[in-house]
Amino acid sequence: MAEVSITRKIMGMPLNIAVDDTELLKIDSIVDYANDIYNAVQKENLKILDSSRLRALAVYKLVSELQTIKGEKEVFLDTNTKKVNDLIKKIDSLNLQN
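Definitions and cut-offs
Residues numbered from 1 in each chain as written. Predicted model: local features only at pLDDT ≥ 70, side-chain atom pairs only at ≥ 80, totals over all residues. Heavy atoms only, no water. Helix = DSSP H or I, 4+ residues; strand = E, 2+ residues; numbered from the N terminus. Core = buried A, V, L, I, M, F, W, Y, C linked by side-chain atoms within 4.5 Å. Buried < 20%, exposed > 50% of the residue type's maximum accessible area, 1.4 Å probe, protein only. Axes fitted to C-alpha atoms, helices over the stretch in contact; angles between N-to-C directions. Parallel < 35°, antiparallel > 145°, perpendicular 65-115°, else oblique. Left-handed = near helix turned anticlockwise from the far one by under 90°. Contact = heavy atoms within 4.5 Å. Nonpolar A, V, L, I, M, F, W, Y, C, P; charged D, E, K, R; others polar.

Trainee: In this structure, what is going on with unusual backbone geometry? I would like to understand it.
Mentor: The bulk of non-glycine residues show a negative phi, and the bulk of peptide bonds are trans. Positioned with a positive phi, Met11 is a non-glycine residue whose angle comes to about 50°. With respect to the secondary-structure elements, Met11 resides in the loop between strand S1 (3–10) and strand S2 (13–20).

Written out as structure tokens, the structure reads:
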């Protein structure tokens, strides 16, 4: 595993990225997704010509997606933690001998 420096174009801008050579496919997938979001934002906002504003809208959309995922994960974890705690209480109430 060696660190390499690669250049990828993200949202219309070249960016140098230092990455482990085993993660090149992962990086390409991330860059492709970011560019897909950017392209979708461009198509939805044809009247906006300022690329900086389009990038800001794309970042906003990406962060919004991440927060939604984070919120769903927290609800999932809270629900499962409650179930585990309830199960422990039920087992404790059985007064099983060691």
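After that view, the rundown keeps rolling.
Trainee: Which parts of the structure should I look at to understand the nonpolar core?
Mentor: General note: in soluble globular proteins, nonpolar side chains tend to be found buried as a group. Formed by Met11, Ala34, Ile37, Tyr38, Val41, Ile48, Leu54, Ala58 and Leu62, the largest nonpolar core amounts to nine residues. If you list the elements that add at least two residues to this core, you get helix H1 (24–44) and helix H2 (51–93). Ranked by the residues each element gives to this core, the list is headed by H1, at four residues. Core analysis: the next-biggest nonpolar cluster, separate from the first, contains five residues, Ile17, Val19, Ile27 and Val31 among them.

Trainee: Looking at this structure, I do not really get the packing of H1 against H2. What am I missing?
Mentor: Two quantities define a packed helix pair, namely the angle between the helix axes and the distance between the axes. Where H1 contacts H2, the two axes come as close as 9 Å, and the packing angle between them is 120°. Between H1 and H2, the angle falls in the class oblique. In the crossing of H1 with H2, the sense of the turn from one axis to the other is right-handed. Mapping the contact onto sequence places Tyr33, Ala34, Ile37, Tyr38, Val41, Gln42 and Glu44 in H1 and Ser51, Leu54, Arg55, Leu57, Ala58, Lys61, Leu62 and Glu65 in H2. Counted by class, the contact of H1 with H2 contains nine nonpolar, two polar and four charged residues.

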